[in-house]
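# Fold and contact review
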Number of protein chains: 2
Amino acid sequence: MTTDLDRLCINTIRTLAMDAVQKAGNGHPGAPMGAAPMAYALWTRFLRHNPANPEWPDRDRFLLSAGHASMLLYSLLHLSGYDLSLDDLKSFRQWGSRTPGHPEHGHTPGVEATTGPLGQGFATGIGMAIAERFLAGHFNRPGHTIVDHRVYAIVSDGDLMEGVTSEAASLAGTLGLGKLVYLYDDNDISIEGSTDLAFIEDVGKRFEAYGWQVQQADGNDCESVQRALALAEAETTRPSLIVAKTVIAFGSPNKAGTAAAHGAALGVDEVRLTKQALGWPEDASFLVPPDVLAEFRKALDRGKALEADWEERFGAYARAFPAEARLWQTVMDGELPEGWDAALPVFASEGGAVATRIASGKVLNAAVQGIPTLMGGAADLAPSTETTLKDEADFARDEWGGHNLHFGVREHAMAAAVNGLALHGGVVPYGATFLVFSDYLRPALRLAALMQAHSIFVFTHDSIGLGEDGPTHQPIEHLASLRAIPGLTVLRPADANETVACWRQALTRKGPSALILTRQGLPVLDDVALVSQGVARGAYVLADAAAPQVILIATGSEVSVALAAHALLTAKGIGARVVSLPSWELFEEQDAAYKESVLPAAVRARVSVEAAATFGWSRYVGDAGASVGVDRFGASAPGAVLLEELGITAANVAARAESVLNEIRTGGGPRGS
Amino acid sequence: MTTDLDRLCINTIRTLAMDAVQKAGNGHPGAPMGAAPMAYALWTRFLRHNPANPEWPDRDRFLLSAGHASMLLYSLLHLSGYDLSLDDLKSFRQWGSRTPGHPEHGHTPGVEATTGPLGQGFATGIGMAIAERFLAGHFNRPGHTIVDHRVYAIVSDGDLMEGVTSEAASLAGTLGLGKLVYLYDDNDISIEGSTDLAFIEDVGKRFEAYGWQVQQADGNDCESVQRALALAEAETTRPSLIVAKTVIAFGSPNKAGTAAAHGAALGVDEVRLTKQALGWPEDASFLVPPDVLAEFRKALDRGKALEADWEERFGAYARAFPAEARLWQTVMDGELPEGWDAALPVFASEGGAVATRIASGKVLNAAVQGIPTLMGGAADLAPSTETTLKDEADFARDEWGGHNLHFGVREHAMAAAVNGLALHGGVVPYGATFLVFSDYLRPALRLAALMQAHSIFVFTHDSIGLGEDGPTHQPIEHLASLRAIPGLTVLRPADANETVACWRQALTRKGPSALILTRQGLPVLDDVALVSQGVARGAYVLADAAAPQVILIATGSEVSVALAAHALLTAKGIGARVVSLPSWELFEEQDAAYKESVLPAAVRARVSVEAAATFGWSRYVGDAGASVGVDRFGASAPGAVLLEELGITAANVAARAESVLNEIRTGGGPRGS
């Protein structure tokens with residue numbers, strides 16, 4: 001039965017949301033007000049967490065996929081006893097505050113994932129639920145359950161319209177993720193008005209089609225939500241969706257149930273009227289009645305007991321399985337096990353040409369020997385991206401410990417799930433597809449960068465060199481587009497040994513990385529020490545002359561083209577240097593002296609070579625230099641033909657180098673543009 | 001009843017696909033072989049088209065969403081009598097051929113859309129079906145039906161896993177697009193193996209939930225497919241999905257029903273065995289039996305009669321409604337009606353600051369007066385993107401002539417649908433969202449560029465200047481990411497009058513455009529002639545000095561920052577020039593003399609100002625220059641605070657200009673990197 005205290009608690013959430021938005025002058029009051037009862041029911045009766053330790057490994061995860069309802073989450077965090085004060089709530093959406101417009105992971109304690117771009121929270125939660133099952137499969141032992149938690153989310157109409165949600169929901173249904181419980185805040189309103197304008201589908205039926213348990217609930221009635229949550233918890237083989245009918249801006253006499261309450265402050269008068277309607281002191285602001293606080297703060301005692309119980313169980317586990325317990329600690333600390341890299345391969349040129357995707361596959365299969373929680377897969381391209389862990393099982397509903405994820409043709413959900421895997425902790429996740437299809441997953445990749453999640457993206461078939469599949473499959477602008485994202489490390493190795501070194505970076509650096517790999521074979525660079533140390537610094541001198549007149553700067557498959565051009569120039573008596581530049585981000589982290597040693601300012605004759613858009617390369621080639629690249633879409637033809645036709649050849653690079661040298665000799669000034 | 005001739009026709013498609021893939025050495029034989037019966041049934045019994053005139057306006061549209069099955073389409077085009085020879089089929093996937101690996105619109109006659117990236121064809125078809133209904137709503141008159149066709153597609157498992165498909169399907173169901181008929185090639189196989197690995201949902205039930213008519217058919221049985229197609233045509237208020245069970249690589253003794261047949265040639269031996277199994281002359285290659293050709297080529301007579309009948313009807317229409325007929329001709333020719341721009345606004349600085357999104361809204365509402373088939377909408381952000389045509393109705397199932405599309409929170413399907421609207425012809429379409437969410441629709445935007453479709457994308461809230469919504473909503477890398485796409489015109493106007501000029505470019509240029517607009521108000525530039533002519537050339541001098549020592553280059557909202565910096569520098573006696581650069585693409589199209597007049601090589605002191613990633617700006621600022629930008633994620637705070645905190649201020653720009661000048665004076669050489 002809903003008590004008066006329950007109602008008071010719910011109205012506290014509502015009024016805090018109204019007040020904070022009103023104080024900020026903008027924000028989204030409607031959703032927190034409508035979803036307050038379900039959030040209250042979930043957070044006080046079901047969610048197993050410890051506000052005093054947001055990092056307790058076996059806590060339930062809660063995601064507010066409808067990130068615009070951030071005041072709902074901030075209110076819950078504050079009321080439940082997380083390290084977020086009422087003053088923090090009062091500085092909602094202000095410079096330097098811990099309560100930004102949308103929840104940001106790593107910025108506010110208790111925020112499990114950055115949300116706001118719709119659909120992302122929904123899909124990220126799938127990854128967290130996979131992580132839970134995977135770790136349970138790996139670490140739990142009979143009588144010793146140390147991994148056992150649920151993933152909850154509140155999702156909105158907008159979330160359910162996004163394609164990434166559909167992808168994730170279908171995947172979750174296929175995998176039978178029974179510990180996933182999502183509350184759908186079904187309020188019939190989106191920004192343009194009634195959801196009927198654009199969204200009349202039968203959501204429940206759709207989710208049943210995906211294999212979910214679907215329940216209807218009255219979102220205004222705590223008891224109704226609680227009953228549904230109890231049945232959702234009882235369901236162990238299907239993810240659960242609770243369709244909870246709510247009223248946006250519940251309580252607001254003039255704005256409840258309207259789009260006007262979605263994304264703007266209610267206004268001083270309407271806030272007052274709403275407080276009247278809710279039986280709230282109309283002049284009070286940011287009011288938290290003491291018994292409300294006491295009721296919510298019971299979470300601290302509950303959480304302490306829950307974690308203590310878990311610690312006890314973990315202690316018994318550690319005594320029974322000390323090695324496993326040590327591994328658990330290591331991976332949950334985000335560390336790699338000692339000696340993880342023992343089996344990493346070394347390649348020799350005698351073996352012939354090796355595609356970097358092939359080398360990458362060998363690295364992955366070696367790395368999993370040292371990193372038992374390395375897992376991932378591809379968006380239905382595992383055979384092409386070489387991302388199958390060959391000695392490992394598939395992750396599946398009867399094989400939770402399996403390492404190989406079959407994401408299906410769902411790039412976007414894959415990337416969001418990889419983020420969820422990384423955020424959960426304990427897992428080193430990767431997701432793979434063709435580079436051109438990185439476009440399909442950019443929103444999730446961007447969030448990985450923003451959150452500095454340790455997500456690894458493997459992008460193969462990285463240029464027109466892939467050949468016959470044609471321009472729809474040939475990336476052009478993608479390298480530039482990825483390099484432009486702050487906080488993402490882009491790694492494009494030139495050969496098999498650089499691939500090993502790039503993977504080392506991806507596995508050990510903070511934040512997300514993108515490995516950019518070829519379909520076609522590339523000559524192996526034999527000087528492994530040079531290559532390894534060079535990759536770690538982002539760029540290095542691979543071939544040189546006594547007094548280089550011109551510098552050829554290349555990445556990936558074009559490094560071998562630059563080396564061939566170097567030979568042509570050398571034969572003509574022109575001193576050239578070849579710089580391999582696998583990672584702009586790593587190179588930019590180096591000190592000025594190192595940069596100058598690789599790219600001396602005095603050598604103005606520079607030619608970049610990359611079978612991709614030249615966009616951005618003027619940074620390294622400078623006013624006097626030139627870029628050999630592909631500033632058009634590709635074409636369908638054998639890769640070698642295409643590279644030749646579009647000028648990615650040693651002869652063309654050498655010729656451009658000579659013309660750059662001539663221009664400098666004849667005194668051509670800096671170009672107009 | 002399926003006749004021997006039917007079987008022969010179907011096997012001709014199968015063997016052509018096998019042979020072409022085998023000759024190329026790679027490609028996708030399995031899907032054409034499995035889908036041949038349904039394609040045969042559709043193309044010979046239902047599709048209303050005229051192979052002699054692929055541009056007949058009222059033809060049915062056919063999309064091969066599973067673009068990797070391109071040999072299916074090429075076979076159908078050749079056999080039906082399109083201008084595509086058997087020799088063209090023999091040069092499948094070769095340089096310069098008309099039969100690229102995936103179908104390319106504008107490259108091969110009869111290819112309605114470029115497909116291959118999964119889901120795109122599915123969603124693009126939705127746009128074509130909207131275009132048909134919209135034009136029918138506008139042009140048809142009682143007794144005069146000149147717009148009346150269907151949109152068909154063959155879609156695959158992969159298409160149905162993609163999120164964009166879900167978005168588009170839900171939208172199509174909401175709109176009740178009854179003339180959309182999609183055949184689902186349900187072959188249970190994707191690249192990683194059985195679809196059960198990742199895709200066990202009940203697709204039919206899902207589509208029923210979206211409001212589609214769903215039928216099951218035996219895809220190996222023409223008659224079964226025909227019955228379903230007939231019922232689909234009888235259904236007028238719901239889109240139709242025919243779930244046709246097929247066998248990938250049907251007929252191949254060793255590869256049918258396996259992933260091995262998806263993306264690789266069958267091999268010489270297996271091709272031979274398959275021909276044996278199909279009762280085909282095993283040594284024949286690219287064999288088209290004469291009676292098969294005769295049967296398919298009946299399409300020419302049928303098509304001629306269909307078009308002649310339509311021409312007659314159109315003639316009667318033109319006599320009864322001459323003005324409407326002229327407008328029809330104009331818009332179907334891709335032209336804008338004469339005087340279309342008569343009502344475009346002119347802004348004056350006395351009116352105060354104007355956000356470019358607001359100016360854009362005024363342009364749109366003026367333009368629709370002159371362009372009656374201008375239509376579009378937003379991904380549930382119309383009130384924020386200012387893209388509502390205020391005097392026009394919503395496009396809806398009982399209001400086909402309505403101009404305002406409610407796409408829902410479905411950016412990706414929106415962009416694909418906009419492409420479909422543009423490809424259909426007769427419509428000038430636009431789609432809008434926040435710039436940061438351009439990430440959600442990049443795959444469709446890329447295809448617009450590749451196809452040179454006249455799609456217009458309106459991206460507002462274009463920088464950290466949007467303020468409190470925070471880093472999830474603040475674009476940083478997006479301008480660079482869009483500029484890197486070949487064939488896309490990016491337009492970032494500096495004020496209301498530049499906005500008018502940018503819209504003029506978007507409406508009149510070939511290919512897609514992206515308008516990048518502010519949330520916040522900007523001062524109006526009064527010299528309308530200067531602004532209009534300047535925008536048309538991509539960049540122009542907006543403020544100058546007698547002898548400029550330094551050039552400040554800015555776009556969009558930062559032009560006013562540059563003008564303020566110009567004032568600061570002028571006050572200090574430093575001659576500065578301000579260049580407004582609304583479009584890099586337009587500027588790059590100018591001749592060298594114009595470029596030199598705007599950015600004289602002799603002035604090496606240059607500072608770019610853009611509240612976005614500086615990535616790419618070295619191209620214009622050169623070795624001696626500097627870029628003021630935002631190379632980090634934003635934050636949640638009021639926009640003005642944020643711009644100040646992150647250095648997008650006149651004072652900072654002026655200071656950078658001075659330091660650049662000082663460095664040049666003190667003889668700093670070109671930088672190492």
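Residues numbered from 1 in each chain as written. Chains lettered and ligands numbered in written order. Predicted model: local features only at pLDDT ≥ 70, side-chain atom pairs only at ≥ 80, totals over all residues. Heavy atoms only, no water.

### Describing the relation of the copies chain A and chain B
Mapping chain A onto chain B leaves a residual RMSD of 0.0 Å; the transformation is a rotation of 180 degrees accompanied by 0.0 Å of translation along its axis. Here the transformation between the copies is reduced to the relation of a two-fold axis. A symmetric contact is evident, with 100% of the interface residues of chain A recurring at the interface of chain B. (Least-squares fit on C-alpha atoms with pLDDT ≥ 70 in both. Contact = heavy atoms within 4.5 Å.)

### Examining the confidence of the model for chain A
When the pLDDT values of chain A are averaged, the result is 97; 99% of them are 70 or greater. Under the prediction, the complex receives an ipTM of 0.98, its pTM being 0.98. (pLDDT = per-residue confidence, 0-100.)

### Quick look at the sheet that holds strand S11 (residues 428-434) of chain B
Residue and element names in this part refer to chain B. Read across the open sheet, the six strands follow the order S10-S9-S11-S12-S14-S13; overall the sheet is parallel. Each end of this open sheet is capped by a strand with a single partner; those strands are strand S10 (404-406) and strand S13 (489-491). Across the sheet, the mean angle from the axis of one strand to that of its neighbour is 20 degrees, orientation sign disregarded. Note: strand S9 (residues 374-378) against S10, three bridges, orientation parallel. Looking at S10, one finds that Ala378 is bridged to His406. Across the sheet, helix H13 (residues 356-370) lies against S9, S11 and strand S12 (456-460), angled at about 150 degrees from S9, the strand it touches most. (Pairing = 2+ DSSP bridges. Helix = DSSP H or I, 4+ residues; strand = E, 2+ residues; numbered from the N terminus. Axes fitted to C-alpha atoms, helices over the stretch in contact; angles between N-to-C directions.)

### Details of the sheet that holds strand S2 (residues 151-156) of chain A
All names here are of chain A. Within the open sheet, the five strands sit side by side as S1-S2-S3-S7-S6. Their pairing is parallel. The sheet is open, and its two edges are formed by strand S1 (61-64) and strand S6 (213-218), each paired on a single side. Put simply, the sheet's adjacent strands are angled 20 degrees from each other on average, direction ignored. Where S2 lies against strand S3 (residues 180-186), six bridges are found, and the strand directions are parallel. Bridged to Ser156 within S3 is Asp185. On top of the sheet, helix H5 (residues 120-139) reaches S1, S2 and S3; it is set at about 165 degrees to S3, its chief contact.

### Notes on the pattern of salt bridges
Pairing between side chains of opposite charge can happen when their charged atoms approach one another. If you walk through the whole model with that rule in mind, you get 66 salt bridges over all chains. A salt bridge links Arg313 of chain A to Asp309 of chain A; its shortest N-O distance comes to 3.1 Å. Here Arg313 of chain A and its partner Asp309 of chain A are both found in helix H11 (residues 290-320), four residues apart, which amounts to about one turn of the helix. Look at Asp309 of chain A and you get partly exposed, because its relative accessible area is 37%. Note that Arg238 of chain B and Glu235 of chain B form a salt bridge whose closest N and O atoms lie 3.1 Å from each other. (Salt bridge = Lys/Arg side-chain N within 4 Å of Asp/Glu carboxyl O. Buried < 20%, exposed > 50% of the residue type's maximum accessible area, 1.4 Å probe, protein only.)

### Here we look at the packing of aromatic side chains
The tally for this structure, following the rule as stated, stands at 55 aromatic pairs over all chains. In this structure an aromatic cluster arises from ring pairing among Trp584, Phe587, Tyr594, Phe615, Trp617 and Tyr620 of chain A together with Trp584, Phe587, Tyr594, Phe615, Trp617 and Tyr620 of chain B. For Arg141 of chain B, the ring lying beneath its charged end belongs to Phe321 of chain B, and the centroid distance is 5.6 Å. The cationic tip of Arg537 of chain B hangs over the ring face of Tyr594 of chain B; the distance from NZ or CZ to the ring centre is 3.9 Å. (Phe/Tyr/Trp six-rings, centres within 6.5 Å; stacked < 30°, edge-to-face > 60°. Lys NZ or Arg CZ within 6 Å of the ring centre and 35° of its normal.)

### Observations regarding the side chain of Thr195 of chain A
Residue and element names in this part refer to chain A. Here Thr195 lies in the loop between strand S5 (193-194) and helix H8 (203-210). By relative accessible area, which is 4% here, Thr195 ends up buried. Aside from chain neighbours lying at most four places away, what touches Thr195 is Asp157, Asp188, Ile189 and Ser190.

### Observations concerning the environment of Val155 of chain A
All names here are of chain A. Relative to the assigned elements, Val155 resides in strand S2. We classify Val155 as buried; its relative accessible area is 0%. Measuring from C-alpha to C-alpha, the distance between Val155 and Asp185 comes to 6.0 Å, with 30 residues separating the pair along the chain. Not counting the four nearest positions on each side in its chain, Val155 is found in contact with Ser65, Phe122, Leu160, Tyr182, Leu183, Tyr184 and Asp185.

### Focus on the packing of helix H1 (residues 4-24) of chain A against H11 of chain A
All names here are of chain A. Where H1 contacts H11, the two axes come as close as 9 Å, and the packing angle between them is 95 degrees. Considered as vectors, H1 and H11 are oriented roughly perpendicular to each other. Of the residues in H11, those in contact with Leu5, Leu8, Cys9, Thr12 and Ile13 of H1 are Asp291, Val292, Glu295 and Phe296. Within the contact of H1 with H11, the residues separate by chemical class into six nonpolar, one polar and two charged. (Parallel < 35°, antiparallel > 145°, perpendicular 65-115°, else oblique. Nonpolar A, V, L, I, M, F, W, Y, C, P; charged D, E, K, R; others polar.)

### Quick notes on helix H10 (residues 268-277) of chain A
Residue and element names in this part refer to chain A. If you check which residues of H10 are buried, you get Glu270, Val271, Thr274 and Lys275. Taken around the axis of H10, the buried residues stretch over an arc of 140 degrees, which confines them to a single face. Exposed residues pointing more than 90 degrees away from the buried face of H10 are listed as Val268, Asp269 and Ala277. Tucked inside the fold, the buried residues of H10 contact H1 and helix H2 (30-45). Gly279 sits one or two positions beyond H10 and adopts a positive phi of about 70 degrees. (Arc of directions from axis to C-beta.)

### A short note on the interface of chain A and chain B
Tallying the contact residues gives 112 residues for chain A and 112 residues for chain B. In total, about 9,000 Å² of surface goes out of reach between chain A and chain B, with carbon and sulfur atoms giving 59% of it. Where chain A meets chain B, there are eight salt bridges. With a closest N to O distance of 3.3 Å, Lys205 of chain A and Glu208 of chain B form a salt bridge. (Buried area = accessible area lost by both parts, 1.4 Å probe.)

### Brief notes about unusual backbone geometry
The backbone of Ala249 of chain A shows a phi angle near 55 degrees, a positive value even though the residue is not glycine. Checked against the element boundaries, Ala249 of chain A lands in the loop between strand S7 (240-245) and H10. At Arg93 of chain B, a residue that is not glycine, the phi angle is positive and equals roughly 65 degrees. Counting through the fold element by element, Arg93 of chain B comes out in the loop between helix H4 (86-90) and helix H5 (120-139).

### Quick notes on the pairing of strand S18 (residues 576-580) of chain A
Residue and element names in this part refer to chain A. When you tally the buried positions in S18, you get five out of five residues, the bulk of the element. Judged by which residues are buried, S18 turns out to be covered on both faces: Ala576, Val578 and Ser580 on one side and Arg577 and Val579 on the other are all buried. Across five bridges, the pairing between strand S17 (residues 550-554) and S18 is parallel. Bridged to Val550 within S18 is Ala576. In the classification by handedness, the crossover that spans S17, the intervening helix H20 (residues 558-571) and the parallel S18 is right-handed. (Right-handed = clockwise from strand over helix to strand, strands pointing away.)

### Quick word on the environment of Met128 of chain B
All names here are of chain B. In this structure, Met128 sits in helix H5. Taking the C-alpha atoms as reference, Met128 lies 5.4 Å from His424; in sequence the two are 296 residues apart. The contacts of Met128, once residues within four sequence positions are left out, are Arg61, Leu63, Glu112, Ala113, Val151, Gly420, Leu421, Leu423 and His424.

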